[in-house]
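Summary of structural features
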Amino acid sequence: MRRRVIAGNWKMYKTLAETRAFFSAFLPLVSNAKHCDIAVAPPFTALSTAVEAAKGSSVAIAGQNVSWSKEGAFTGEVSAPMLAEVGCRYVIIGHSERRQVFRETDDNVAKKTLMALSSGLTPIVCLGETQEERDAGLAEEVLSRQFTGGPGALTAEEFSRILIAYEPVWAIGTGRTATPEIAAEAHSLLRRCAGENFSVHLASALRILYGGSVKPDNIQGLMAQEELDGALVGGASLDAKSFAAIVNFV
Ligand code: PEP
């Protein structure tokens, strides 16, 4: 049985004061949650405040992005050793907003994943098709290509240390959730890719999260699918009560 992971992605929201207020409200609400791993990804500026606020709890902190370089003249970038030093345990890589707005490629994703792993971070590698790709019947092809160019380029040992998030672009921030069946079908495809690239054993141990308009009122239906090993939650993770309701879905 794979242990579930519920991770929140705050995107470019929350000041330091709002970060402190979130954790004061959120931690008591999830203090009995033993059924899953919990992570929150604040913006870079709030990472150390979040690490401090979550100290002593079971909530891990995640970066939302990372450089593919360890250090150097890369203005505006933040490295994996920096994220590890501040106390992050996870990092989101290849989010669709990074791929679409900042033109990140599968190759960038592969390089960032390696850098995160070498600093002891657990990468949450995001994959997903756009509405146009799904409508054109290309969802499988896109997911296979993103898998091959990103996670598929790792060694088996490296692959055993990552999480994947299936995030259909048409469901992110739109209020349109993939049905549990559509999500499960995409997860099975990704697990099949993992089996073909690596081994059946690694494929069955791989944790694949679903992301795209996850809310307190749809989390149970999604988690009822055996293929879904957790959720990556954007908008609904900004509110302590609604994120806690998602974490406490059981
Ligand atoms: C996300 O940012 O990864 C996400 C899934 O956003 P939302 O839950 O708001 O769709």
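Bear in mind the structure is a predicted one, so any value in this text is a computation, not a measurement. Every chain's residues receive numbers from 1 upward, in the order its sequence appears when written. Given that this is a predicted model, residues contribute local features only at a pLDDT of at least 70 and side-chain atom pairs are listed and counted only at 80 or more, while totals for whole chains, interfaces and linings are drawn from all residues. As a rule here, side-chain values cover all heavy atoms of the structure and leave hydrogens and water aside.

Regarding the overall build of the chain
We count it as follows: Comment: elements are numbered from the N terminus, with helices defined as DSSP H or I runs of at least four residues and strands as E runs of at least two. The size measure is the radius of gyration over C-alpha atoms, and the globule rule it meets is 2.2 Å times the number of residues to the 0.38 power. Burial classes follow relative accessibility: with a 1.4 Å probe on protein chains only, a residue under 20% of its type's maximum area counts as buried, one over 50% as exposed, and anything between as partly exposed. For the purpose of charge, His is not counted, nor are the chain termini; Lys and Arg are scored as positive and Asp and Glu as negative. A charged residue contributes its charge at one atom only: NZ of Lys, CZ of Arg, CG of Asp or CD of Glu.
Helix and strand counts for the chain stand at 12 helices and eight strands. For a compact globule of 250 residues, the expected C-alpha radius of gyration is about 18 Å, and the chain comes in at 17 Å, within 12% of that figure. Projecting the C-alpha coordinates of the chain onto the three principal axes gives extents of approximately 45 × 45 × 35 Å. Split into buried and exposed, the 250 residues of the chain put 54% on the buried side. When the 24 basic and 27 acidic side-chain charges of the chain are each reduced to a single mean position, those positions are 6 Å apart.

Considering the packing of helix 1 (residues 16–30) against helix 2 (residues 47–54)
The line we're drawing: Here an angle of 0 to 180 degrees is reported between the N-to-C directions of two axes, which are lines fitted to C-alpha atoms, with helices fitted over the stretch in contact. Throughout, the term roughly parallel applies to angles under 35 degrees, roughly antiparallel to angles over 145, roughly perpendicular to angles from 65 to 115, and oblique to all others. Helix crossings get a hand from a simple test, with the near helix turned counterclockwise from the far one by less than a right angle marking a left-handed crossing and a clockwise turn marking a right-handed one. It only takes one pair of heavy atoms within 4.5 Å for two residues to be counted as in contact. Any residue outside Ala, Val, Leu, Ile, Met, Phe, Trp, Tyr, Cys, Pro, Asp, Glu, Lys and Arg is labelled polar, Gly included; the first ten of those are nonpolar and the last four are charged.
At their nearest, the axes of helix 1 and helix 2 sit 9 Å apart, and the two run at 25° to each other. Taken together, the axes of helix 1 and helix 2 lie roughly parallel to each other. For the pair helix 1 and helix 2, the sense of crossing is right-handed. In this structure, helix 1 uses Leu16, Thr19, Arg20, Phe23 and Leu27 to contact helix 2, whose residues at the interface are Thr49, Ala50, Ala53 and Ala54. Classifying every residue of the contact of helix 1 with helix 2 by side-chain character gives six nonpolar, two polar and one charged.

Focus: the packing of aromatic side chains
This is how the line gets drawn: Working definition: a ring pair exists when centres of Phe, Tyr or Trp rings (six-membered ring for Trp) sit within 6.5 Å. Plane angles under 30 degrees give stacked, over 60 give edge-to-face, the rest tilted. A positively charged side chain is recorded as over a ring if its NZ (Lys) or CZ (Arg) lies within 6 Å of the ring centre. The angle to the ring normal must also be within 35 degrees.
Under the criterion given, the structure shown has nine aromatic pairs. Ring plane angle 80° and centroid distance 5.3 Å describe the contact between Phe22 and Phe23, whose orientation is recorded as edge-to-face. For the residue pair Phe22 and Phe23, the accessibility class agrees, reading buried in each case. Following the ring pairs from residue to residue traces out a cluster consisting of Trp10, Phe22, Phe23, Phe26 and Phe243. Over the face of the ring belonging to Trp10 we find Lys14, whose NZ or CZ atom lies 5.2 Å from the ring centre.

Some remarks on the state of the cysteines
Selection rule: Two cysteine sulfurs form what is called a disulfide whenever their separation falls within 2.5 Å.
Evaluation of the coordinates by the stated rule reveals zero disulfides. With no disulfide of its own, Cys88 lies 15 Å from the sulfur of Cys126, the closest cysteine sulfur. Residue Cys88 is classed as buried on the basis of its relative accessible area, which comes to 7%.

Let's talk about the site of the ligand
As a reminder, the rule being used: The cutoff for a nearby residue is simple: one of its non-hydrogen atoms must lie within 4 Å of the molecule or strand. Pairs of N or O atoms within 3.5 Å make up the polar contacts considered here, provided that, within protein, one atom can donate a hydrogen while the other can accept it, and that residues adjacent in sequence are counted only when both atoms are side-chain atoms. Reported accessibility uses the Shrake-Rupley method at a 1.4 Å probe radius. Residues are deemed covered only where the shown protein chains occlude them.
Inspection of the region around the ligand gives 14 residues, with Lys11, Glu167, Gly173, Ser213 and Gly234 positioned closest. A distance of 2.8 Å is found between an oxygen atom of the ligand and a backbone nitrogen or oxygen belonging to Ser213. With the chains in place, 98% of the 290 Å² that the ligand exposes on its own is no longer accessible.

A word on the sheet that holds strand 2 (residues 36–41)
The following threshold applies: A pair of strands is considered paired only if DSSP assigns at least 2 bridges between the two.
Spatially, 1-2-3-4-5-6-7-8 is the arrangement adopted by the eight strands of the closed barrel, whose pairing is parallel. Within this sheet the neighbouring strands show an average axis-to-axis angle of 25°, counted without direction. Pairing geometry for strand 6 (residues 163–166) and strand 7 (residues 208–211), over three bridges, is parallel. From the neighbouring strand, Ile164 faces strand 7, where its bridge partner is Ile208.

Considerations on the pattern of salt bridges
Any two side chains of opposite charge can pair if their charged atoms end up close together. Filter applied, for reference: Counted as salt bridges are all cases of a side-chain nitrogen of Lys or Arg within 4 Å of a carboxyl oxygen of Asp or Glu.
According to the stated counting rule, one finds 13 salt bridges in the structure shown. A salt bridge links Glu52 to Lys55; the shortest N-O distance between them is 3.4 Å. For the pair Glu52 and Lys55, a shared accessibility class is recorded, and that class is exposed. For the salt bridge of Glu157 with Arg161, the shortest nitrogen-to-oxygen distance reads 2.9 Å. By relative accessible area, which is 33% here, Arg161 ends up partly exposed. Each of the salt bridges in this network shares a partner with another, and the network as a whole consists of Arg2, Arg191, Glu227 and Asp229.

Concerning the environment of Thr45
Structurally, Thr45 is set in the loop between strand 2 and helix 2. Sequence spacing of Thr45 and Ala231 is 186 residues, and the spatial spacing of their C-alpha atoms is 24 Å.

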